[in-house]
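As a plain string of letters, each chain reads:
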Protein chains: 2
Amino acid sequence: MADQIASNVHWHEGDITSEHRAKLLGHRGATLWFTGLSGSGKSTVAVELEGVLSELGVLSYRLDGDNVRLGINKNLGFTAEDRTENIRRVGEVAKLFVDTGVVALSSFISPYAADRDQVRVLHEEAGMDFIEIFVDCSLDVAETRDPKGLYKKARAGEIKNFTGIDDPYEAPSRAEIHLHSDQQSLTEEVDIIMAVLRERGIIKA
Amino acid sequence: MADQIASNVHWHEGDITSEHRAKLLGHRGATLWFTGLSGSGKSTVAVELEGVLSELGVLSYRLDGDNVRLGINKNLGFTAEDRTENIRRVGEVAKLFVDTGVVALSSFISPYAADRDQVRVLHEEAGMDFIEIFVDCSLDVAETRDPKGLYKKARAGEIKNFTGIDDPYEAPSRAEIHLHSDQQSLTEEVDIIMAVLRERGIIKA
């Protein structure tokens, strides 16, 4: 990214801000908050979007169960209280990424509207973009997909507090983007999101 | 960073990895873990380093009390147990930054060796660079500086569990970098760190 190799570069212009970082990266940070049932296709869209952004030189990072539930939130379970704290922490981490200039792709069921709204407020109070993406899909379709075999286990009672089975999913009422993963192609879904990122000026038009 | 404006770019090469992101950024991620007494100069060095890195086009981000204690760790206090959880969470956040390709500058007193070592192990297990930077400074000098007036309050008993007063500071025994902020200039300190970043190939030589 830079070829300067002087060993005695100094800095006298005060703290580096998110504006400096956005200039360095060529784009702003933003949180894209994917929410939807297990099996709705949140991660599938996020992975595809991540690839498309990378091709365009946009730095993004996916926050999901694999790197959060096993890391910063490994001391949390799936009770309502722990789910709330899980989402709160993810929201705070996402804010740090936005401040860094990264497009954070958060992919969690995040079934409770109040928890998602709390993350939205945290972002909006800081003047940060929070784009809620409802990956909508009927329970029937999600349960038929059952990519991880979790619905089967939940139906058998082997998993408790499973969203859609014995725990509620509160659909967003004001999501910025409403995808229908049982009707749209992956390409269509990604194009819709990319259009919003361009409209908002997060990435170059 | 990129001028491609096609709206239908697609991605078919699997998940984006930290290698993809390092290529996009032109440098690797790493955690620089500043530890030392309150007033030892951790943040001063981190701020200066951040500026120098930015001038070189290197994306870094400071994790400190201002953005962590008021955010992700706002539900933690200063008991030994809470300090441990504070450092654990910061370590996990730093790992996410390293995975993103960012040079994470963590600036916390982090007084307990076991807590710092836990973060080190987390990084080393993941094959990530963890560079412990001991910002060494005598208690006398730190207390004389007292930039936030905290020592005065601790001596007056208005703050409990204050490191160096009524809570221990366990100095690192194997820090990668040992700075002496009461003897070295800021420029010298930053040059030492930059040399290590170059030697390790984290940033271009």
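Residues numbered from 1 in each chain as written. Chains lettered and ligands numbered in written order. Predicted model: local features only at pLDDT ≥ 70, side-chain atom pairs only at ≥ 80, totals over all residues. Heavy atoms only, no water.

Re the pattern of salt bridges
Step number 1: All chains considered together, the criterion is met by 32 salt bridges over all chains.
Step number 2: A salt bridge links Arg120 of chain A to Glu176 of chain A, with the nearest nitrogen and oxygen atoms 2.8 Å apart. Taken together, the positions of Arg120 of chain A in helix H5 (residues 113-125) and Glu176 of chain A in the loop between helix H7 (150-155) and strand E5 (177-180) put the pair 56 residues apart, joining distant regions of the chain.
Step number 3: Here the residues in one salt-bridge network are Asp15, Arg21 and Asp99 of chain A together with Glu50, Arg62 and Asp64 of chain B, joined through shared partners. (Salt bridge = Lys/Arg side-chain N within 4 Å of Asp/Glu carboxyl O. Helix = DSSP H or I, 4+ residues; strand = E, 2+ residues; numbered from the N terminus.)

Brief notes about the side chain of Arg83 of chain B
Step number 1: Within the secondary structure, Arg83 of chain B sits in helix H4 (residues 80-100).
Step number 2: Looking at Arg83 of chain B, its side chain comes within polar contact range of the side chain of Thr163 of chain B, at 3.5 Å. (Polar contact = N/O pair within 3.5 Å; in protein donor to acceptor, adjacent residues only side chain to side chain.)

Things to note about the packing of helix H3 (residues 65-72) of chain A against H4 of chain B
Step number 1: Interhelical geometry of H3 of chain A versus H4 of chain B gives an angle of 155° and a closest axis separation of 9 Å. Here H4 of chain B runs roughly antiparallel to H3 of chain A, going by the angle between their axes. Crossing geometry of H3 of chain A relative to H4 of chain B is assigned as right-handed. Where H3 of chain A abuts H4 of chain B, its residues Asn67, Gly71 and Ile72 of chain A lie against Arg88, Arg89, Glu92, Val93 and Leu96 of chain B. (Axes fitted to C-alpha atoms, helices over the stretch in contact; angles between N-to-C directions. Parallel < 35°, antiparallel > 145°, perpendicular 65-115°, else oblique. Left-handed = near helix turned anticlockwise from the far one by under 90°. Contact = heavy atoms within 4.5 Å.)

Some words on the sheet that holds strand E4 (residues 130-136) of chain A
Residues and elements named next belong to chain A.
Step number 1: Read across the open sheet, the 5 strands follow the order E2-E3-E1-E4-E5; overall the sheet is parallel. This sheet does not close on itself; its edge strands, each paired only once, are strand E2 (60-64) and E5. Adjacent strand axes in the sheet meet at a mean angle of 20° when their direction is disregarded.
Step number 2: Bridge count for E2 against strand E3 (residues 103-107) is 5 bridges, and the pairing is parallel. The residue of E3 that forms the bridge with Ser60 is Val103.
Step number 3: Most of the contacts of H3 go to E2, to which it runs at about 60°, and overall it touches E2 and E3.
Step number 4: Sitting on the sheet, helix H8 (residues 186-199) is in contact with strand E1 (30-35), E4 and E5, with an inclination near 170° to E5. (Pairing = 2+ DSSP bridges.)

A short note on the pairing of strand E2 (residues 60-64) of chain B
Step number 1: Where burial is concerned, most of E2 of chain B is hidden: 5 out of the 5 residues are buried.
Step number 2: Side chains of E2 of chain B alternate between two faces, with Ser60, Arg62 and Asp64 of chain B and Tyr61 and Leu63 of chain B buried alike. (Buried < 20%, exposed > 50% of the residue type's maximum accessible area, 1.4 Å probe, protein only.)

Some words on the pairing of E4 of chain A
Residues and elements named next belong to chain A.
Step number 1: With 6 of its 7 residues buried, E4 lies for the most part within the structure.
Step number 2: Judged from the 5 bridges that link them, E1 and E4 form a sheet pairing that is parallel. If you follow Thr31 over to E4, its bridge partner there is Phe130.
Step number 3: Bridge count for E4 against E5 is 4 bridges, and the pairing is parallel. Each residue of the ladder has a partner; that of Ile133, found in E5, is Ile177.

Some details on the sheet that holds E2 of chain B
Residues and elements named next belong to chain B.
Step number 1: Taken in spatial order, the 5 strands make up an open sheet running E2-E3-E1-E4-E5, and their pairing is parallel. Of all the strands in the sheet, just E2 and strand E5 (177-180) have a single pairing partner and so form its edges. Taken pair by pair, the neighbouring strands of this sheet meet at an average axis angle of 20°, ignoring direction.

With respect to the nonpolar core
Step number 1: Counting 38 residues, the largest nonpolar core has Leu63, Val93 and Phe97 of chain A together with Leu63, Val93 and Phe97 of chain B as its most contacted members.
Step number 2: Every element with two or more residues in this core is listed here: helix H1 (18-25), E2, H3 and helix H4 (80-100) of chain A together with helix H1 (18-25), E2 and H4 of chain B.
Step number 3: Setting aside residues no more than four positions away along its own chain, Phe97 of chain A makes contact with Tyr61, Leu63, Val102 and Ala104 of chain A together with Leu96, Phe97 and Thr100 of chain B. (Core = buried A, V, L, I, M, F, W, Y, C linked by side-chain atoms within 4.5 Å.)

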